[in-house]
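# Report on the structure
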Amino acid sequence: MIIDCDSHLMPRDAFDGIDGEFASCKPTLKFNEEDLYVDVDFPGYPADVPGTSPLLAPGSGAMFKSLWDSHSRMDDYDKRLGIEQHVVLPQFSGWWSYLIEPQLACRMARSHNQALRRLMTEYPGKILGAALIPLQDILGSISEMEWAKENGFCSVVLDKVYPVKDHPYGESLGSRRELWPFFKRAEELSMPIYLHNVQHGHRISNMPAFQRDGLYIFAPQEGQMSLVSLITSGLLDEFSKLQFVFTEAGTAFIKPLVQWLDKVLEQPVVDYDDQEQPLSNRTLTKIGERLRRARALYPAQIFLEKNKRPASYYFKNNFYFTIETEEPELPEAVEFLGAERFLFATDYPHDDPGGKMKFEDVRLLKENPRISEAAKELIRWQNARRLFNLAI
């Protein structure tokens, strides 16, 4: 049994449900003479933000008809991949952004999700839906998540960062308190949340200062910052049952990041006998003392007592990570964090060079000698069954 926990599809009828006053500004997909999805005409797409470089439609995987055609897709899964179930996420490139006007975004999300629901009905128990969420409208997002839960979706999907008109380069999810009602409702619904890059280009690494001379390799990893913000903001203390799936980032970063966070947030500061006393009589925690000495921009007490456990606790209890089977560091990450926190994924039908990697993932996991058979079974399907509460 295998469950693919990260795949993509662009339903051909994704926006057929948008009518009335929004019909004139909805996206229209374009196909060539070979019936390949090649572009999108979207009058309602927001104006470009200077200094960003969003990817254009159709995005990765467009060389394959299976990007939109469910029959081609199922033929691959049944005959070539040998994968029984797959979680389907949207094809984000060229049409989706949190800068879209909220009302239009809500209509687009519902129409897209209705199209995906039709496929879930056509292939019951095989296609599992991750619902698109219009996060620029918080109440609309909660409503869409409730609709998705009622209609059998296994999860919802958000961008890893939060770029809206007020801060178009994106900010970390946990740091935006206006989003917390959405997370609260997700916990109440026991709805897992996918974190996936949306390719609209509104990231620090897309700014000219980093694009020039290849300096983007030193740019902050916004996805990782946003992931950590879910801990340091106190979100996971407030809503401790939330479950996030962090996608398409590999696993090599996990161990060094967790070890560093545990050290920085837990290690006592160095004390000196001749150190002058604080001006305040208030006793600071070790984190507060570290921030005071560093002349933090905000008072230390703002940061105190938010993340009540070591960072490693949250990584082992609130986060899942989709794997890349070819990654040499995968066995070490599995040993460090535990096989229970990893999910099998192909990123189907997105194209690596040659477009063949997705057909190698099953074999590469099977043949990895450094991962036990019991761990492989957890990764292949048992973790997904538990996370999504699947009847298998």
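This one's a predicted model, so the numbers in the text were calculated from it and none came from an experiment. (Residues numbered from 1 in each chain as written. Predicted model: local features only at pLDDT ≥ 70, side-chain atom pairs only at ≥ 80, totals over all residues. Heavy atoms only, no water.)

## Notes on the packing of aromatic side chains
- In total, this model carries 21 aromatic pairs according to the counting rule given.
- Ring geometry for Phe183 versus Phe244: centroids 5.9 Å apart, planes at 65°, classification edge-to-face. Highlighted residues: Phe183 in helix α4 (residues 180–189) and Phe244 in strand β8 (residues 244–246), separated in sequence by 61 residues. Of the two residues, Phe183 and Phe244, both sit in the buried class.
- Ring geometry for Phe319 and Phe321: centres 6.4 Å apart, planes at 50°, overall tilted.
- Taking relative accessible area as the criterion, Phe319 reaches 0% and is therefore assigned buried.
- Joined through ring pairs, the aromatic side chains of Phe182, Phe183, Phe244, Phe246, Phe253, Phe315, Phe319, Phe321 and Phe342 make up one cluster.
- Over the face of the ring belonging to Tyr320 we find Arg341, whose NZ or CZ atom lies 4.0 Å from the ring centre. (Phe/Tyr/Trp six-rings, centres within 6.5 Å; stacked < 30°, edge-to-face > 60°. Helix = DSSP H or I, 4+ residues; strand = E, 2+ residues; numbered from the N terminus. Buried < 20%, exposed > 50% of the residue type's maximum accessible area, 1.4 Å probe, protein only. Lys NZ or Arg CZ within 6 Å of the ring centre and 35° of its normal.)

## Topic: empty space enclosed by the protein
- This model, assessed by the stated rule, comprises two cavities of 30 Å³ or more.
- Looking at the lining of the largest cavity, its residues break down into five nonpolar, three polar and one charged.
- Its boundaries defined by the atoms lining it, the second largest cavity holds a volume of some 30 Å³.
- As for the second largest cavity, its lining consists of Phe92, Trp96, Tyr98, Leu132, Ile133, Val157, Leu158, Asp159 and Val198.
- Counting residues per element, the lining of the second largest cavity draws most heavily on strand β6 (residues 155–159), at three residues.
- Here the lining of the second largest cavity is built from residues that sort into eight nonpolar, no polar and one charged. (1 Å grid on protein atoms, 1.4 Å probe; cavity = no way out; pocket = protein on both sides within 12 Å on 5 of 7 lines; lining within 4 Å. Points joined across faces, edges and corners; volume = space filled by probe spheres on them. Nonpolar A, V, L, I, M, F, W, Y, C, P; charged D, E, K, R; others polar.)

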